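Observations on the model geometry
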Amino acid sequence: FWDEALKIIQQQVSEQEHVMWFQQIEYTESDEDSITVTVPSSFYRDQVKQRYLDLILKTLRQLSGRSFQIHFSIAKTEMVQEKTYQETRDDTQKRNDQSPSEEKKQNPGNSLPAPGLNEEYTFTNFVVGDNNRFAANAAIAISKNPGTTYNPCLIYGGVGLGKTHLLQSIGNSVWQEKDNAKIVYVTAEDFTNEFIRSIQENKTHLFKNKYRKADVLLIDDIHFLQKKHETQEELFHTFNALFDAKKQMIFTSDRPVSEIKDITERLQNRFTRGLTVDLQPPQMETAVAILKKKAEKQGVYVANDVINLICQKITTNVRDLEAALTRIIAYAELVNKEVSLEVAQRQLKDFFSSPTQNNITVDVIQRVVADYFNLSANELKGKKRTRQVAFPRQMAMYITREITEASMTDVGLEFGGRDHTTVMHACQRISSRMRTDPTIEDIIQTLIRKIKEEGSRA
Ligand code: ADP
Ligand code: MG
C-alpha cells in the first residue's frame, strides 16, 4: 500500500525531491486507519511534514477511499545522537561549564584542531533562533551523516549572518567525530587563485588531488565564481567526482544561486541539486542571546539594558552586532569604566554617524540595482514597463524609501518623474512579495549592503 502511494507521489514531485525526501522513508507498520514510517532524523521528519504532508495524506486517501493518518518514527541510531545534542543545547550553563578537555574525553575523535578551520566556529557556539533554525538543523544532520542525505547543501544569506560559521561548524564537527576524515575548507576566491596558480606552475594534478580526494569539501562564497569560467569548469568536474564518490559538499553564497550572474547552468544546477537553506537576520531575542554569549566568552559582564540597546539599534546582521559590542567593551576598558548604558549610547551614536550612512544617494542606489539586474540606470528611470525592468525598478524604489530620507514624491521625481502613488504601489508590491518569497528579502539585503559599500567609497 505504501509502495503504491510512493509511486503516485513520485509522479507528482521532481526526481530530485523524490530521491531527497522519499527514498529514505521506510515503511514500518500500519493498521486500519494509520500507517507508520521511519525516517532518518527529526529534521527529516519536519521537512517532509512541512513540504509533503498534504500530498501524502491526499494520496493515502485516494488509494484507500477514506481518511488515513501517518506517523513518523525516527530511526534509532539517530535518536540517541539527537538526544545528546538536545541536552547540550538546552542547558546553556552546563555547556559553558564544560571544559574543553571534558568534551574531548566524550568523543574519541581528533584532539587537534581541524587544519584550516577556525576552532570557534562550532555548533555549540552557534545560537539557534527562528532566523537560522532550518539551516542549523540541516547542518547538524549533515555533520552526523556526511555524504548520505543532503548532498550537496547550499547555505545562502546576506553578509554577516553566519554562513562561514555554520559551514566551518560542519567541518569541525565531522573532524571531531571521524578520525582521518579529509576536510577541505576553501573560499571560492582562494579556490580560484589556487587553480590559476596550478595552471601557471604546471601543477594541476596537485590541485585535482587535493580537491577531488576530499571527504568533505566546504566552499565558501561561491558567488565569487561569477564570470570565472575556467574555474567553474574545474569545479564542475570536482563536483562530479565527489558526488559520485558520495563525498559531502557544502557551499555558501550571499544570494540565491539563480541570482548569481554569469555562471554556467550546469553548475548552477549542481549547486541546487541537494538541499538549499537560508539564513535571515536574527530577531530581537536571538540577537540578545548571541550577544550575551559573546560577552560571556570574552569574560566581560555587560548589563541587559546595554545588550538590549545594541540589539534595538542594530538590525542588519550578526557581524555588525558583534562589532558594536566589541567597540563598547573596548571603550569602557580604555576609559576604565563599567559598560554602562550611557557609554553604550554614546558609542552607538558614533557608530551610526560613520560615513557609510551618509553618502547614499539615489544615484548610487540606481547604479547598484541596475548593475545587479544587468540593466542601465537610465532604463530604471525610463518608461519601459516590461517585467525585466519593472521589477528592478520597484526594488530600487523600495530600497530608496528604506534607506534614505526621500519622500514618495522625491522618489517619484528621481525615477523619471513618476507620480508618488506609483512609488507607493511599487513599495507595497515589494513588501507583499517579500512576505511570500523569502528570496526577495535576501536580494534586498544584498543590494543594500552593496549600496552601503559603494556609498562609503564615494
Ligand atoms: P557570513 O559568513 O555569513 O558573512 P559569519 O559566519 O562570518 O557570516 O558570521 C559573522 C560573525 O557573526 C561571526 O563572528 C559569527 O561567529 C557570528 N555569528 C553569526 N551568526 C551567529 C549565531 N547564530 N550565533 C553566534 N554567532 C553568530
Ligand atoms: Mg563568510
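Quick notes on the rules
Residues numbered from 1 in each chain as written. Chains lettered and ligands numbered in written order. Predicted model: local features only at pLDDT ≥ 70, side-chain atom pairs only at ≥ 80, totals over all residues. UniProt positions renumbered as here; feature names shortened; annotations may be inferred. Pairing = 2+ DSSP bridges. Helix = DSSP H or I, 4+ residues; strand = E, 2+ residues; numbered from the N terminus. Axes fitted to C-alpha atoms, helices over the stretch in contact; angles between N-to-C directions. Contact = placed C-beta atoms within 7 Å. Expected span 1.5 Å × (residues − 1). Buried ≥ 20, exposed ≤ 12 C-beta atoms within 10 Å, placed from the backbone.

As annotated in an unreviewed UniProt entry, the protein chain carries the name Chromosomal replication initiator protein DnaA and comes from Alkalispirochaeta americana. Among the UniProt annotations of the protein chain, the heading Subcellular location (unreviewed entry) holds the following wording: "Cytoplasm".

Our next topic: the sheet that holds strand 6 (residues 216–220). Judged by pairing direction, the sheet is parallel, and its five strands sit side by side in the order 5-6-7-4-8 without closing on themselves. Each end of this open sheet is capped by a strand with a single partner; those strands are strand 5 (183–187) and strand 8 (275–279). Neighbour-to-neighbour, the strand axes of this sheet turn through a mean angle of 15 degrees, independent of strand direction. Direction of pairing for strand 6 relative to strand 7 (residues 248–253): parallel, over a ladder of four bridges. Within strand 7, the position partnered with Val-216 by the bridge is Gln-248. Where helix 7 (residues 133–144) meets the sheet, it contacts strand 4 (153–157), strand 7 and strand 8, and its direction lies at approximately 135 degrees from that of strand 8.

With that settled, the discussion passes to helix 8 (residues 163–177). Along its 15 residues, helix 8 runs 22 Å from first to last C-alpha, staying within 8% of the 21 Å computed at 1.5 Å per residue. Counting buried positions along helix 8 yields 13 of 15 residues, so the element is predominantly enclosed.

What follows is about the pairing of strand 4. Judged by how many residues are buried, strand 4 sits mostly within the fold: five of five residues are covered. Residues Cys-153, Ile-155 and Gly-157 line one face of strand 4 and the alternating positions Leu-154 and Tyr-156 line the opposite face, and both faces are buried. Two strands pair when backbone bridges link them, and strand 4 and strand 7 are joined in this way by four bridges, in the parallel orientation. Paired with Leu-154 across the strands is Phe-251, a residue of strand 7. In this sheet, strand 8 lies alongside strand 4 in parallel orientation, the contact comprising five bridges. Across the sheet, Gly-157 pairs through a bridge with Leu-279, a residue of strand 8.

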